[in-house]
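Summary of the model geometry
Listed below are the residues making up each chain.
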Amino acid sequence: GAVVSQHPSWVICKSGTSVKIECRSLDFQATTMFWYRQFPKQSLMLMATSNEGSKATYEQGVEKDKFLINHASLTLSTLTVTSAHPEDSSFYICSARDSGRSYNEQFFGPGTRLTVL
Amino acid sequence: DAKTTQPNSMESNEEEPVHLPCNHSTISGTDYIHWYRQLPSQGPEYVIHGLTSNVNNRMASLAIAEDRKSSTLILHRATLRDAAVYYCILRVGFSGNTPLVFGKGTRLSVIA
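Below is a summary of the structure that appears in this document. (Residues numbered from 1 in each chain as written. Chains lettered and ligands numbered in written order. Predicted model: local features only at pLDDT ≥ 70, side-chain atom pairs only at ≥ 80, totals over all residues. Heavy atoms only, no water.)

The next thing to look at is the overall build of chain A. Of the regular secondary structure elements, chain A holds zero helices and eleven strands. At 13 Å, chain A has a C-alpha radius of gyration in line with the 13 Å of a compact globule built from 117 residues. With respect to the principal axes defined by its C-alpha atoms, chain A has extents near 40 × 25 × 20 Å. Looking at the 117 residues of chain A, the share that counts as buried comes to 52%. For chain A, contacts bridging at least 24 residues in sequence account for 55% of all contacts bridging at least 6. Approximately 5600 Å² of chain A is accessible, and the part contributed by carbon and sulfur atoms is 52%. (Helix = DSSP H or I, 4+ residues; strand = E, 2+ residues; numbered from the N terminus. Rg over C-alpha atoms; globule rule 2.2 N^0.38 Å. Buried < 20%, exposed > 50% of the residue type's maximum accessible area, 1.4 Å probe, protein only. Contact = heavy atoms within 4.5 Å. Areas by Shrake-Rupley, 256 points an atom, 1.4 Å probe, with all protein chains shown as cover.)

Written as structure tokens, this is what we have:
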């Protein structure tokens, strides 16, 4: 149980286009999801906290108008990278907390590799 | 969250035990010690967590120092599939919506 999926697993796009990444909790409900970004050979960096039915909370230095987050249901959060540029190329990972569990374990998706040409 | 310090890399022979250390000298009484690992090109996965007592599960053991200023993740028999980056993370409390904040972790290499 406690599976988190991401779609797509990889995407290549041209500079200036927008890309949407989906994060789904497959067998549990998640009132809170988190979005991370990871550059090669570096650790995960928290981008934002996504709460179902409300606005996301962004970490310092993350542009909320560039990285649009929508958490419209208890099983789906989306991250849209608007007007993507080569410097946005990265590995994007989402995670979700199972609202039904007392222990605050975070379950991670497999990641989405974005390449902007 | 309090900061942790881990060696950048470690190496182990296959089938041998591995002890991955983590220092967290500024840990507070409400901080839980979490270990996650990230295999190449994958999202992180939960390994183990603890507060004060040593913990065992099917993946690993967690040994926590009496003063809680350090801990050690123990893989009893390393396999090639255990090659990953291991992250030691402190987080306040047992529940709630605070996210995991990742440090640099320890890159474990397993030699056949």
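So that's the structure; there's more coming.
On to the overall build of chain B, then. The helix and strand inventory of chain B stands at zero helices and nine strands. When its helices and strands are written in sequence order, chain B yields β-β-β-β-β-β-β-β-β. Here the C-alpha radius of gyration of chain B, 13 Å, is about what a compact globule of 112 residues would show, namely 13 Å. The dimensions of chain B, computed from C-alpha atoms along their principal axes, are 40 × 30 × 25 Å. Taken over 112 residues, chain B has a buried fraction of 45%. Across chain B, every contact between residues at least 6 apart in sequence was considered, and the portion connecting residues at least 24 apart equals 58%. Of the accessible surface of chain B, which amounts to about 5700 Å², a share of 49% is contributed by carbon and sulfur atoms. Side-chain charges in chain B split into 10 positive and 10 negative, and the spacing between the mean points of these groups amounts to 6 Å. (Lys, Arg positive; Asp, Glu negative; His and termini not counted. Charge placed at Lys NZ, Arg CZ, Asp CG, Glu CD.)

What follows covers the sheet that holds strand S4 (residues 45-50) of chain B. Residue and element names in this part refer to chain B. Overall, mixed pairing links the five strands, which are arranged S1-S9-S8-S3-S4 in an open sheet. Each of the sheet's edge strands pairs with one partner strand only, and the pair in question is strand S1 (9-13) and S4. Across this sheet, the average inter-strand angle for adjacent strands is 25°, counted without regard to direction. By the bridge criterion, five bridges tie strand S3 (residues 31-38) to S4 in an arrangement that is antiparallel. Counted as the bridge partner of Tyr36 is Tyr46 from S4. (Pairing = 2+ DSSP bridges. Axes fitted to C-alpha atoms, helices over the stretch in contact; angles between N-to-C directions.)

We now examine the state of the cysteines. Tallied over the full model, the rule gives two disulfides over all chains. One disulfide bridge connects Cys23(A) with Cys94(A), the sulfur atoms lying 2.0 Å from each other. In this structure the cystine formed by Cys23(A) and Cys94(A) twists about its S-S bond by roughly 80°; its chirality is therefore right-handed. On the criterion of sequence distance, the pair formed by Cys23(A) in strand S3 (residues 19-25) and Cys94(A) in strand S9 (residues 90-97) is long-range, its members being 71 residues apart. The residues Cys23(A) and Cys94(A) share a single accessibility class, namely buried. Here Cys22(B) is linked by a disulfide to Cys88(B), with a sulfur-sulfur distance of 2.1 Å. Measuring handedness by torsion sign, the sulfur bridge of Cys22(B) and Cys88(B) sits at about -80° and is left-handed. (Disulfide = S-S within 2.5 Å.)

For the rest of this paragraph, the subject is the interface of chain B and chain A. How big an interface is tends to be reported as the loss of accessible area on association of its parts. Contact with chain B, which involves 21 residues of that partner, is made by 20 residues of chain A. Here chain B and chain A share an interface that buries about 1700 Å² over both sides, 51% of which is from carbon and sulfur atoms. Put simply, chain B and chain A have zero salt bridges between them. Where chain B packs against chain A, one counts six residue pairs in polar contact (both at pLDDT 80 or more). Elements supplying a minimum of two residues to the side of chain B that touches chain A: S3, S4 and strand S8 (84-92) of chain B. Among the elements that make up the side of chain B that touches chain A, the one with the highest residue count is S3(B) (three residues). (Buried area = accessible area lost by both parts, 1.4 Å probe. Salt bridge = Lys/Arg side-chain N within 4 Å of Asp/Glu carboxyl O. Polar contact = N/O pair within 3.5 Å; in protein donor to acceptor, adjacent residues only side chain to side chain.)

Turning our attention to the packing of aromatic side chains. Residues and elements named next belong to chain A. Enumeration according to the criterion identifies nine aromatic pairs over all chains in this entry. The interplanar angle of 45° and the centroid separation of 5.8 Å between the aromatic rings of Tyr36 and Phe108 together place this pair among those described as tilted. Taken as a pair, Tyr36 in strand S4 (residues 32-38) and Phe108 in strand S10 (residues 106-108) lie far apart in primary sequence, 72 residues in all. You'll find Tyr36 and Phe108 in the same group, each marked buried. (Phe/Tyr/Trp six-rings, centres within 6.5 Å; stacked < 30°, edge-to-face > 60°.)

One finds Trp35(A) and Leu114(A) to be the most contacted residues of the largest nonpolar core, which totals 26 residues. Listed by contribution, the elements that provide at least two residues to this core are strand S2 (10-13), S3, S4, strand S5 (45-51), strand S7 (67-73), strand S8 (76-81), S9 and strand S11 (112-116) of chain A. Cys22(B), Ile33(B), Ala78(B) and Cys88(B) belong to the second-largest nonpolar core, a separate cluster that totals 21 residues. (Core = buried A, V, L, I, M, F, W, Y, C linked by side-chain atoms within 4.5 Å.)

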